[in-house]
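Structure assessment
One-letter residues, chain by chain:
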Amino acid sequence: MRKALTLDNFMDGLKRRNPREPEFHQAVYEVAKSLVPFIRKHPEYRHAQILERMTQPDRVISFRVCWHDDKANIRTNQGFRIQFNNAIGPYKGGLRFHRDLNLSVLKFLGFEQTFKNSLTTLPLGAAKGGADFNPKGKSDNEVMRFCQAYMTELARYLGPHVDVPAGDGGVGSREIAYLFGQYKRLTHQFDGALTGKPIPLGGSLVRSEATGYGCAYFMMQVLEHRQQTIEGKTCVLSGAGNVALFCAEKLIESGARVVSLSDTSGFVHAADGLTREQLREIKEHKLQRREPLAKLGKQLKLKFHKGKQPWGLDCELAFPCASQNEIGVEEAKQLVKSGCQALAEGANMPVTPDAYEVFADAGVVFVPGKAANAGGVAVSGLEMSQNRVGMHWTAAEVDQHLRDIMAKIHEQCLEHSPGRSKSVDYVRGANIAGFIKVADAMLAYGVV
Ligand code: NDP
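Residues numbered from 1 in each chain as written. Predicted model: local features only at pLDDT ≥ 70, side-chain atom pairs only at ≥ 80, totals over all residues. Heavy atoms only, no water.

**A few points about the packing of aromatic side chains**
Taken as a whole and assessed by the stated rule, the structure comprises 22 aromatic pairs. Aromatic pair F97 and F133: ring centres 5.7 Å apart, planes at 90 degrees, arrangement edge-to-face. Remark: F133 occurs in the loop between β4 (126-131) and α6 (140-154) and F97 occurs in strand β3 (residues 91-97); sequence separation between them is 36 residues. Judged by its relative accessible area of 2%, F97 is buried. In this structure F133 comes out as buried when scored by relative accessible area, which is 1%. Three or more aromatic residues link up through ring pairs in this structure, and these residues are F63, W67, F97, F133, F146 and Y150. One cation-aromatic arrangement involves K197 over F180; the distance from NZ or CZ to the ring centre is 5.6 Å. (Phe/Tyr/Trp six-rings, centres within 6.5 Å; stacked < 30°, edge-to-face > 60°. Helix = DSSP H or I, 4+ residues; strand = E, 2+ residues; numbered from the N terminus. Buried < 20%, exposed > 50% of the residue type's maximum accessible area, 1.4 Å probe, protein only. Lys NZ or Arg CZ within 6 Å of the ring centre and 35° of its normal.)

Right, dumping it as structure tokens:
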């Protein structure tokens, strides 16, 4: 006889099938906490084993990537693509280049992507990929040769109706352009098999900004629901990459005070809030020249705190936009003490489960990444639409779509949260709303 569905039973099975994958276990646990009680009330999902099937990727592709560095040494890396679920659309999700990338991290990201892509309301399946390649300190030519070698294998698994990667950490528009160039060379196709492309290559306006802007828009929805506005709010941000910098830009533009940005070298503190001019310089420094904040703090007359995180700064809103598990229990306690009232995850899973409990106990509004940072993949979806019809929309058009999508995600969270009017449970709302669409599609297909 089948065991009763409990969180413990489910997690025991998952860990047994996926040993030594702590990030994947953590991501599934966070979702299963919401879903197990929900599925118990919906036997059709239980009977069809939907949660068990959803936590098993459709396929895991792993391959060798050989390339020459500038000194003509042969270098070898491991490349990956995890095609997680294509029940509601072609596989879609970013590529990450990071020295420590492994299957556990990619499975957590691919699993999260299933729910995030479903929430966007667009027809997007879920995938994630990348390589254990460290882009730091590599020349342009080395990055190009690596991207070409990586795509030489990956191309056979891609296509605009099959699997459409985008960027993620360490993969920006430069890397996407190199990857697309090689894809085009190998397939003789100019199609929308990658998103996040530079504009002349068929990219969408507002794609680079979308994750950060979307995160700020979502927070504005949260505040509006609580009859507040973003204007004058003090915001603490981590990260100084694609997500953090554009989130900061939209917050400043909307009248909020952004008091920090950070990277692996430490954080800059702007007690009165970063000015647009300071942010512009930081963007140029980080996105174009790829230099550490440590080098810039003095130049901009900002306080720089070497090797530290910004969570002890006074704030009302927090936006962790750097990396997974950057906020543990201690950092969460610091944030609560600093006056934080709401947090939106710009990064994927930056808050550990124990830290989440600290926020929940203190009544801090918590928006999970699958809702807050869905703007990036949403505009990737819009890039796919533009590529299909061979058109470019204006920045204003794309931005309006992005705002509408973030509002729709917020509405779905409210619809499936137990406390719709007062304290909204965004975690549960996002998990259940994201689940239903994919689960119903899987039910309709039968056993495949
Ligand atoms: P980037 O690589 O552009 O930027 C990451 C930033 O965070 C860098 O400034 C980096 O510092 C800093 N950082 C990384 N790890 C640490 C750490 N352990 N401690 C302190 N700082 C750190 O990545 P993105 O901005 O694109 O992505 C950030 C997060 O957002 C990731 O979790 C990603 O999965 C998620 N995300 C990204 C999307 C996108 O569209 N790009 C979409 C949805 C989610 P340094 O510069 O020194 O390396």
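**Notes on the pairing of strand β10 (residues 317-320)**
Covered by surrounding structure in β10 are L317 and F319 together with A318 and P320, the residues of both alternating faces. Strand direction decides the pairing type here: strand β6 (residues 234-238) and β10, joined by four bridges, are parallel. From the neighbouring strand, L237 faces β10, where its bridge partner is F319. Taken together, the two bridges between β10 and strand β11 (residues 342-344) define a ladder with parallel strand orientation. (Pairing = 2+ DSSP bridges.)

**Some points on the sheet that holds β10**
Read from one edge to the other, the open sheet built from seven strands follows the order β9-β8-β7-β6-β10-β11-β12, with strand pairing classed as mixed. Of all the strands in the sheet, the pair left with one neighbour each is β9 (303-306) and β12 (365-367). Each strand of the sheet is rotated relative to its neighbour by a mean of 15 degrees, with strand direction disregarded. Inspection of the sheet shows strand β7 (residues 257-263) paired to strand β8 (residues 266-269) by four bridges, in the antiparallel sense. Bridging from a neighbouring strand, D263 pairs with G266 of β8. (Axes fitted to C-alpha atoms, helices over the stretch in contact; angles between N-to-C directions.)

**Regarding the sheet that holds strand β1 (residues 59-68)**
Pairing is mixed across the open sheet formed by five strands, whose spatial order is β1-β2-β4-β3-β5. Each of the sheet's edge strands pairs with one partner strand only, and the pair in question is β1 and β5 (163-167). Each neighbouring strand pair of the sheet contributes to a mean axis angle of 20 degrees, computed without reference to strand direction. For strand β2 (residues 74-85) and β4, the ladder comprises six bridges, and the chain directions are antiparallel. Residue pairing for β4: G79 is matched across the bridge by A131. Taken strand by strand, α6 contacts β1, β2, β3, β4 and β5, and its axis lies near 140 degrees from that of β1. (Contact = heavy atoms within 4.5 Å.)

**Quick look at the site of the ligand**
Around the ligand there are 24 residues in total, and R96, T211, T264, K286 and N348 lie nearest to it. Take G170: an N or O atom from its main chain is 3.3 Å from an oxygen atom of the ligand. Side-chain polar atom of T264 to an oxygen atom of the ligand: 2.4 Å apart, as the coordinates give it. In the complex, the protein chains occlude 78% of the 900 Å² of accessible area that the ligand would expose alone. Within the residue set of the shell around the ligand, elements represented by two or more residues are α8 (207-225), α9 (242-253) and β7. Here the shell around the ligand gathers at least three residues from each of two domains, domain 1 (59-189) and domain 2 (210-367). (Near = heavy atom within 4 Å. Polar contact = N/O pair within 3.5 Å; in protein donor to acceptor, adjacent residues only side chain to side chain. Areas by Shrake-Rupley, 256 points an atom, 1.4 Å probe, with all protein chains shown as cover. Domains from an automatic or database assignment.)

**Concerning the domain arrangement of the protein**
One frequent convention defines the size of an interface as the accessible area lost when the parts assemble. Partitioning the protein into domains gives domain 1 (59-189) and domain 2 (210-367). Of the residues lining the interface, ten residues belong to domain 1; the matching set on domain 2 comes to five residues. Buried area between domain 1 and domain 2, both sides added, is near 590 Å², and the carbon and sulfur share of it is 40%. Run the count over domain 1 and domain 2 and you get one salt bridge. Here R290 makes a salt bridge to E175, at a shortest N to O gap of 3.9 Å. (Buried area = accessible area lost by both parts, 1.4 Å probe. Salt bridge = Lys/Arg side-chain N within 4 Å of Asp/Glu carboxyl O.)

**Focus on the pattern of salt bridges**
A full pass over the atoms with the stated rule returns 24 salt bridges. Between D168 and K128 there is a salt bridge, and its shortest N-O distance comes to 3.3 Å. Here K128 lies in strand β4 and D168 lies in the loop between β5 and α7 (173-187), a separation of 40 residues in the sequence. Among the ionic contacts, a cluster of salt bridges with common partners joins D140, R174, E175 and R290.

**Description of helix α15 (residues 395-415)**
Taking 1.5 Å as the rise per residue, α15 with 21 residues should run 30 Å; its terminal C-alpha atoms sit 30 Å apart, in good agreement. Of the residues making up α15, those classed as buried are V398, D399, L402, I405, M406, I409, H410, Q412, C413 and L414. In this structure, the buried residues of α15 make contact with α5 (103-119), α8, α13 (369-372), α14 (375-389) and α16 (426-445). (Expected span 1.5 Å × (residues − 1).)

**Digging into α9**
For α9, built from twelve residues, the straight-helix expectation of 16 Å at 1.5 Å per residue is met to within 8% by its first-to-last C-alpha distance of 17 Å. Among all positions of α9, only V243, A244, L245, F246, C247, A248, E249, K250, L251 and I252 are buried. Its buried side turned inward, α9 meets α8, β6, β7, α10 (276-288), β10 and α15.

**Concerning the packing of α9 against α10**
The N-to-C vectors of α9 and α10 enclose an angle of 165 degrees; their axes lie 11 Å apart at closest approach. It follows from the interaxial angle that α9 and α10 lie roughly antiparallel. In this structure, α9 crosses over α10, and the sense of that crossing is left-handed. Together, N242, L245, F246, A248, E249, I252 and E253 of α9 and R276, L279, I282, K283, K286 and L287 of α10 make up the contact between the two elements. Partitioned by chemical class, the residues of the contact of α9 with α10 number seven nonpolar, one polar and five charged. (Parallel < 35°, antiparallel > 145°, perpendicular 65-115°, else oblique. Left-handed = near helix turned anticlockwise from the far one by under 90°. Nonpolar A, V, L, I, M, F, W, Y, C, P; charged D, E, K, R; others polar.)

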